[in-house]
Structure formats: structure tokens, C-alpha cells
Amino acid sequence: MITVKLPDGTPLELPDGATGAEAAAAIGPGLAKAAVAAVVDGEMRDLALPLADGEAIELVTKKSGDAYLYPMRHTAAHVLAEAVQRLFPGTSFAFGPPIEDGFYYDFELPRPLTEDDFPAIENEMRRIAREKAGLSRSVMSIAEADAFFSEAKQPYKVDQVRELASQGETEVSIYQQNDFTDLCRGPHVHTTGEIGHIKLMSVAGAYFRGDSDNTMLTRVYATSFPTKAELDAYLERIELAKARDHRRLGRRLDLFTFDDAGPGFPFFLPRGWSSSTRSAPPCVRARPARLRRDRDPTILSEDLWKRSGHWEHYRENILHRGRRRRYAVKPMNCPGAALVFRSRRRSYRDLPLRLAEFGHVHRHELSGVLHGLFRVRAFTQDDAHIFCRLDQVKDEIQAVLDLIDRFYARFGFTEVHKLLSTRPAKAAGTREMWDRAEDALREALEGREYTLNEGDGAFYGPKIDFQVTDSMGRRWQLGTCQLDFSMPEKFDLSFTSEQDTDERPVMIHRAVLGSIERFLGILIEDCGGDFPFWLAPEHARVIPVSDRHHDYANTVRHTLVERGLRVDVDARSESMGRRIRDGEVGKVPYLLIVGDREVESGQVSVRARRGEEVGSRTLADLTKELAALASGDASA
RNA sequence: GCCGGAGUAGCUCAGUUGGCCAGAGCAGCCGCCUUGUAAGCGGCAGGUCAGGGGUUCGAAUCCCCUCUCCGGCUCCA
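Small disclaimer: the values here were computed from a predicted structure and weren't measured.

> Any details on the pattern of salt bridges? Residues and values, ideally.
On inspection of all chains with the given rule, the structure shows 40 salt bridges. The salt bridge partner of E357 is K330, with a shortest N-O separation of 3.1 Å. In this pair, E357 sits in strand β21 (residues 353-362) while K330 sits in the loop between β19 (326-329) and α13 (334-341), placing the two residues 27 residues apart along the sequence. This pair shows no difference in class: E357 is buried, exactly as K330 is. Across the pair R548 and D596 runs a salt bridge whose closest N-O atoms are separated by 2.9 Å. With a gap of 48 residues between them, R548 in the loop between β30 (540-544) and α18 (550-562) and D596 in helix α20 (residues 596-601) connect regions that are remote in the sequence. The exposure class of R548 is exposed, given its relative accessible area of 59%.

Have a look at this one:
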């Protein structure tokens, strides 16, 4: 006998070798019929697999919510593949897993596929769904599976069978519905009729196994939801996100632009740059006593980058050009900071030396990866490099962690995810150095929640990355805090210790917002262009009712501008309705209407975004309120 | 870089069995209107149809090359 634990904690006794299906049957016939999979110790499994003593099991049914999506979409992927098999004979099949918002399947097709083919494929999928074909699971030995898929001319499946064999598997599971047979771990729903409401989303290229040395396959992205309402809600969410696309808003709100003269190099318009520069200085101001500003050259000799190790590890991304001596445009700020450190003899009394720089870096990025402000070829890092002794590392890192938490909260990002990334395959420096650095980071993180990201460190050292979740639930990588024993060695950095010996400092690289450009893009999408007041490119706009109110309108503007507020007057000869609309569309936080009544009483009629009634204020009160709003938020 | 799609006025887009001087709305400019909380009216101007080559009596439209953009893959902040 074995005993498994049910979700409510009750134990369930079963005979040896009992399967998930038998567990369901033991609980009740209704469940036996409804169950499609079992979550065993957190892992989704087919009901046909045997359970072991002591395992915690949870049976998945249509009522299981998100857990049900996995087998449902997995089956939908098989149905997609079967539809493609019917419509495009000769297709080879690769992988087709469920993913975050749906599923995909990778094919090698006899001809290119376009979205014009979607209706036909969707119709075929619906036809297969109506057939309600059962999915049957079977097991083959490696040899049988190899022979079967070789015979079926499915090279990617054969490849996967051999891959599994090399991992020590002796048999593989196979799922079949109608004439479609797939190598698959499962689990699946019972029939093709239970794939929910489906929609094909897009077609894209994808390398087999994600390796750019492999052939490029055709990937069809699709999604499915149990009900039509859920599918529609999802599609609506996509539309909403599209309306917030920072590339669209950036153009409409006059924030930034791109030009063919420099693909991937953003041009910031005055309105855009005021927002992005304003988002940064508080970061530096946050600890005036701790940070010292510096600034290094943008272009430096290639030899420098050879010495720093960037040439070896990062050459593809460095833009360079030279006449007699070869120069390179800096892709990172760290070697410059190392040179600043080395500019004179350093003492232990100088440490920790914290240099902050808003470095404008350039990197060559492959044309296909450029994407609005999210991925560009020139960007500004709110960078800092801290030079310190090994025994100061923990305190310094913890101070950075604190700073980052506080700073993100200021922008409304309270959900901060921390990732500790360790030694990558291609790394500079010795194993011992890496171990010491990783230990130091782990120690600094003690007591905080974080996840381990094995092998994803920078080439010069391990790092802690920071991700925030925006208002739409998307996760973005922002800041980073990296420990570096390698750069100080490359540049032979040293300081004189209390004992009058030469010691090597440790270097900490950190960025809070990461790329200012990217952060602005995230911010635009997070707020949909409705910037928080303190960040708005234009705090308020004065709208005089008619020509005779222009003088008063200018007085209002002057008064507010004197207090450091960004205010314009819209004195165009357009109707009021029109000027108010333009203010709304331009997302100006406050529209200040002034006509006869206001001139007489020395007041201003205030309209907030989306017509929200604020009422009238005297000019003095309004000035005080807005000034408080601007500075209050910024230092909150 | 790779796969697929696209590129017509500053922006959003019409314009395909190849055929008169290539169209609209918005934005721009000029005028009129002098306005009370989300688009007042009229006029003008604006295009080497991404660039280059080819097919044709004739190309925005068909073919080839290059560039850029979009969706992915790889990479990454």
C-alpha cells in the first residue's frame, strides 16, 4: 500500500503502483470522469502514471482554473498540428507546448505560411474539435520510437527521441488522436472536443531548439480559453495594450522620434526629454552624501576595451571607427570609471568611492531586435561604480538594495523581483574569484526573497537583477547590481591600506533604472501616457476663453512658471471645445480656463484629466497647490 | 543576423485582370469666427508612390537587389 496526500491534507491509501486515474476513481466516480491530469508534488503529470508513497497530489479538472489551461492548450496544440498535417501534407513537426497566454507549434512546411492561411487552419481545427476524437497515450521503447518517427519522416521527432535517450530515458510516451501521432510528455484533456475557444494569433520564424545554428522553423502562435467570454476578454486586453504602445504614444505626445539616419538611435523631443531627465535626478539626489558625480568620454581607444576584456567578450556590440589610432564608442561605462579611480593614488580612506554617471552608451544591436525605446542602439544608464574593500561589499550591496526598493516605489512599482545570476559559460577571471563574488551577493541578499538564475551572470562577475511588474502585469528588467573582481585586476587598480600595503579594491556596478530610454518606454506604457503629475512634460495649460483674456492668461502662466512649473498658454484662435480637447488628448494634467469671471475675481477654473471637476481656485492657492504637488511627489 | 509580413503627403489610410494630371481625413499655412469645459467655417499648400535596377507602348501595381518598419527567433538594458 502507498499513501498520498490530497490538497486538503487528508491521506488517501492506494494499492502499490496505483495511478492518478485510480486515485481519482478512489475518491469518486464523478472525479474519475472529470479529471484530466494530476499535479504531483507541484508537477503536472498524466493520470496514467503511477504514484509513489508520500506524494502530494491534486487532480486537475475543468474547475481547476489556470491549472486546467495547461492540458487544454497542450491538446489544442496537437489539434493545430493535426489541422496543419491535413492541410499541408509533408509537414515536419517540432515542438508545440502551452505557454503563458496560449500555445504554439513549430513546423517545417512545404511552403511559407501567412496569416491568410489562418481561417482555413482554424476551420480545420474546429472540425477536428467537433469530431471529439479521443487522445490515447501509449509507451514506446527508444528503439521503437526512433523507428516509428524515422518511418514517418519526422526528423525533429527523431532528434528529440535521441536527445531523450542521451538523457538516460529508456522509453517515451506517445499521444495519438485520429491519424496524428505525437511524441509528447502530456498530459492532455480526454478529447479534441475539449480544447476551448481557439484563435490563431501570429506566425513567426523560430530556430529549432532556439539555436541559431539550426534550421528556422515556422512557428504559429495561438491561444485558447475555456469560454468565448474569456477569449474575448483576452483579445480585448491585447487591444488595450496596443493602445498603450509607447511607440504610438511617443509619437502622438511628441516625446521622441526615430530617423533613418540612425536606426535604433532615439531622438528625444523637448517634451520627452524633460520626462526622462526628471525621472533620473532624484535617483542621484537620493543619497547626496554617498554619491559623487563623474563623467567619462564617450569615445576611447580600442586598446582600452581590449584591456578591459570587452573586446574579447563583447566585440560584436561595439561601434568603432578610426583614422590612425583605432577608437571605439563606449558600450559600457565601467572602464571609464576604472580610469577615474586610477587618476591618482588611492587610500583606504577614499573607500568606498562611489562614482555615479549618467553614461550615454552605444551598442551595435542586430537590426531585428530593435524595438521602440525598449531596445535601442544608444541609451543612457543611471550608472554608478562603487570601489570598496571586500569587507565593505555586504553593506554597500545592501544599501543598493534599499535604494532600489525605495526608488521603484516612487514610480509606483512596489512588486520587485530579485534574481541572482551566477557564473556563465563564457566568463573572465578565475573560478575562485567567482565563488567569492557569488558568496558575497548571497550574503547581502540574506533575509530577502530572490530566485537563483544559474549561469546568467555578466562575463566579469555575478549580479543581482531587479524586475518590476507594471500595471498590466508585465514584468520588466530594470536595475542591476554586479560584483566585479575582474576589472580592478585588468586595470591593476589598487589602494594603500592602513598597514601601508597595496590592496586591490572590489568594484560594484549598479544601475537603478537601467536604461533611462527603456524606463521611459515602460513608464509610458504603465501609465498609458498619463504621467504622474511630477513627471508630466506639461504640468498645466492655460486656456483663455477669448482674446481679451490673453493678458490674464499670461499672468497665470508667469506666476506658475516662476514656481518651477511647466505651463503653456493655448491662445490659438480655435474654439474652446477644441482647445480643451487638444489638452485632453495631449494628456496635460490640468487645464486652466480663464474668462471674464476669473479675470474679475483673480481666480482660475481648474479642469483635471478626463473632465474631472476641480472647481475654481485663486491664483495664489493654485500656485501653492501645484508647486506642492510637483515637489511633494518627487521626493516622496 | 535569421524567418514571415509591410513601406503611397508630417500622421492614419484609399488606390490590383498594369492605362486619363495619384486620392481622403487629421496635422500645417492663410483668412473668417471671439468662443465657458472633448473636434466652428472657408481656402491654400503638401507626394522621385522607401531607394536602385529590370519587364512593358505604358509600372504605385509585375520581377530582382538594397534600406527601414512590424511580429517572432537568437541576443540583451
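Alright, that's what it looks like, and here's the rest.
> Explain the protein's contact with RNA strand B to me, using residue names and the numbers behind them.
Around RNA strand B, 55 residues are found, and the nearest of them are Y207, S573, S575, R578 and S605. Protein-adjacent atoms of RNA strand B, using a 4 Å cutoff, are sugar or phosphate at a proportion of 47%. For RNA strand B, a base nitrogen lies 3.4 Å from a polar atom in the side chain of E365. E598 is positioned with one of its side-chain polar atoms (N or O) 2.7 Å from a base nitrogen of RNA strand B. Those elements that place two or more of their residues in the surface near RNA strand B are β12 (197-207), β13 (216-225), α8 (246-252), β26 (475-484), α19 (576-585), α20 and β33 (603-608). Taken together, the residues of the surface near RNA strand B sort by class into 19 nonpolar, 16 polar and 20 charged.

> Which residues make up the sheet that holds strand β29 (residues 506-515), and what are the values?
Strands belonging to one sheet form pairs held by backbone hydrogen bonds; the direction of such a pair is parallel or antiparallel. Strand order across the open sheet formed by eight strands is β16-β21-β22-β29-β26-β25-β23-β24, with mixed pairing between neighbours. The open sheet has two edge strands with one neighbour each: β16 (292-293) and β24 (451-453). Here β21 pairs with strand β22 (residues 378-388) via ten bridges, running antiparallel. Looking across to β22, one finds that A356 is bridged to A384. Contacts between helix α14 (residues 393-410) and the sheet are confined to β21, β22, β23 (416-421), β25 (463-469), β26 and β29, with β29 contributing the most and set at about 5° to the helix. Across the sheet, helix α17 (residues 516-527) touches β21, β22, β26 and β29, and the angle it forms with β29 is around 35°.

> Now, about α18: what can you tell me, with residues and values included?
Relative to the 18 Å expected for 13 residues at 1.5 Å per residue, α18 spans 18 Å between its end C-alpha atoms, a close match to the ideal helical length. Where α18 is concerned, the buried positions are Y552, A553, V556 and L560. Projected onto a plane normal to the axis of α18, the buried residues spread over an arc of 105° and lie on a single side. Exposed residues pointing more than 90 degrees away from the buried face of α18 are listed as D551 and E562. One or two residues past the end of α18 sits G564, with phi positive at roughly 85°.

> Which residues make up the nonpolar core, and what values go with them?
Of all hydrophobic cores here, the largest spans 48 residues; its most connected members are I397, Y408, F411, I464, L483 and F531. For this core, the element with the most residues is α14, which contributes eight residues. When residues of this core are assigned to domains, at least three map to each of domain 3 (256-527) and domain 4 (533-635). Once residues lying within four places of it in the same chain are set aside, the contact partners of L483 are V393, I397, A437, A440, L441, Y460, G461, P462, V506, M507 and I508.

> Provide a residue-level description of the domain arrangement of chain A, including the pertinent values.
Domain parsing of chain A yields domain 1 (2-63), domain 2 (67-240), domain 3 (256-527) and domain 4 (533-635). For domain 1 and domain 4, the distance between their C-alpha centres works out to 65 Å.

> Kindly report on the side chain of T218, identifying the contributing residues and their values.
When you line up the elements, T218 lands in strand β13. The buried category is assigned to T218, whose relative accessible area is 18%. When near neighbours in sequence (up to four residues on either side) are disregarded, T218 contacts Y105, D106, F107, L109, L113, V203 and A204.

> Which residues make up the layout of surface pockets, and what are the values?
Empty space within the largest pocket amounts to approximately 1,100 Å³. For the largest pocket, the lining is made up of 39 residues, of which Y314, R363, Q381, K463 and Q482 are closest to its centre. Listing elements by their share of the lining of the largest pocket, those giving two or more residues are α12 (310-314), β22, β25, β26 and β29. In terms of residues, the lining of the largest pocket owes the most to one element, β29, which gives six residues. Of the residues assigned to the lining of the largest pocket, the class counts are 15 nonpolar, 14 polar and ten charged. Approximately 820 Å³ is the volume found for the second largest pocket. Lining of the second largest pocket is provided by 32 residues; of these, L164, S173, C184, R185 and G186 occupy positions nearest its centre. For the lining of the second largest pocket, the secondary structure elements donating two or more residues are β4 (43-45), α3 (66-87), β9 (136-141), α6 (155-166), β10 (171-177) and β11 (180-183). Looking at the lining of the second largest pocket residue by residue, the classes come out as 17 nonpolar, six polar and nine charged. Taken domain by domain, the lining of the second largest pocket gets at least three of its residues from each of domain 1 (2-63) and domain 2 (67-240).

> Report on the sheet that holds β9, specifying residues and quantitative values.
Strand order in this open sheet of three strands is β9-β10-β11, and the pairing throughout is antiparallel. At either end of the open sheet lies a strand with only one pairing partner, and these are β9 and β11. Going from strand to strand, the sheet's axes swing by 30° on average, the running direction of each strand aside. Strand direction decides the pairing type here: β9 and β10, joined by six bridges, are antiparallel. Bridge pairing links M140 to V172 in β10. Contacting β10 and β11, α3 runs over the sheet at an angle of about 130° to β11.

> How would you sum up the environment of E230? Please name residues and give values.
As for its position among the elements, E230 is in helix α7 (residues 228-243). The class for E230 is partly exposed, based on a relative accessible area of 36%. Note: C-alpha distance between E230 and G196 (34 residues apart in sequence) is 10.0 Å. In this structure the side chain of E230 is engaged in a polar contact, spanning 2.7 Å, whose partner is the side chain of T227.

> Describe in detail empty space enclosed by the protein, supporting the description with residues and values.
This model, assessed by the stated rule, comprises three cavities of 30 Å³ or more. Taken as a whole, the second largest cavity holds about 60 Å³ of empty space. As for the second largest cavity, its lining consists of L253, L255, R271, G529, F531, P537, E538, G586, K587 and V588.

> Outline the packing of helix α5 (residues 142-151) against α6, supporting the account with residue identities and numerical values.
Here α5 crosses α6 at 165°, and the two axes come no closer than 8 Å. Relative to α6, the element α5 lies roughly antiparallel. Like other packed secondary-structure pairs, α5 and α6 cross with a definite hand, here left-handed. Packed against α5, whose contacting residues are I142, A145, D146, F149 and S150, the element α6 presents K157, V158, V161, R162 and A165 at the interface. Looking at the contact of α5 with α6, its residues break down into six nonpolar, one polar and three charged.

Calculation notes
Residues numbered from 1 in each chain as written. Chains lettered and ligands numbered in written order. Predicted model: local features only at pLDDT ≥ 70, side-chain atom pairs only at ≥ 80, totals over all residues. Heavy atoms only, no water. Salt bridge = Lys/Arg side-chain N within 4 Å of Asp/Glu carboxyl O. Helix = DSSP H or I, 4+ residues; strand = E, 2+ residues; numbered from the N terminus. Buried < 20%, exposed > 50% of the residue type's maximum accessible area, 1.4 Å probe, protein only. Near = heavy atom within 4 Å. Polar contact = N/O pair within 3.5 Å; in protein donor to acceptor, adjacent residues only side chain to side chain. Nonpolar A, V, L, I, M, F, W, Y, C, P; charged D, E, K, R; others polar. Pairing = 2+ DSSP bridges. Contact = heavy atoms within 4.5 Å. Axes fitted to C-alpha atoms, helices over the stretch in contact; angles between N-to-C directions. Expected span 1.5 Å × (residues − 1). Arc of directions from axis to C-beta. Core = buried A, V, L, I, M, F, W, Y, C linked by side-chain atoms within 4.5 Å. Domains from an automatic or database assignment. 1 Å grid on protein atoms, 1.4 Å probe; cavity = no way out; pocket = protein on both sides within 12 Å on 5 of 7 lines; lining within 4 Å. Points joined across faces, edges and corners; volume = space filled by probe spheres on them. Parallel < 35°, antiparallel > 145°, perpendicular 65-115°, else oblique. Left-handed = near helix turned anticlockwise from the far one by under 90°.

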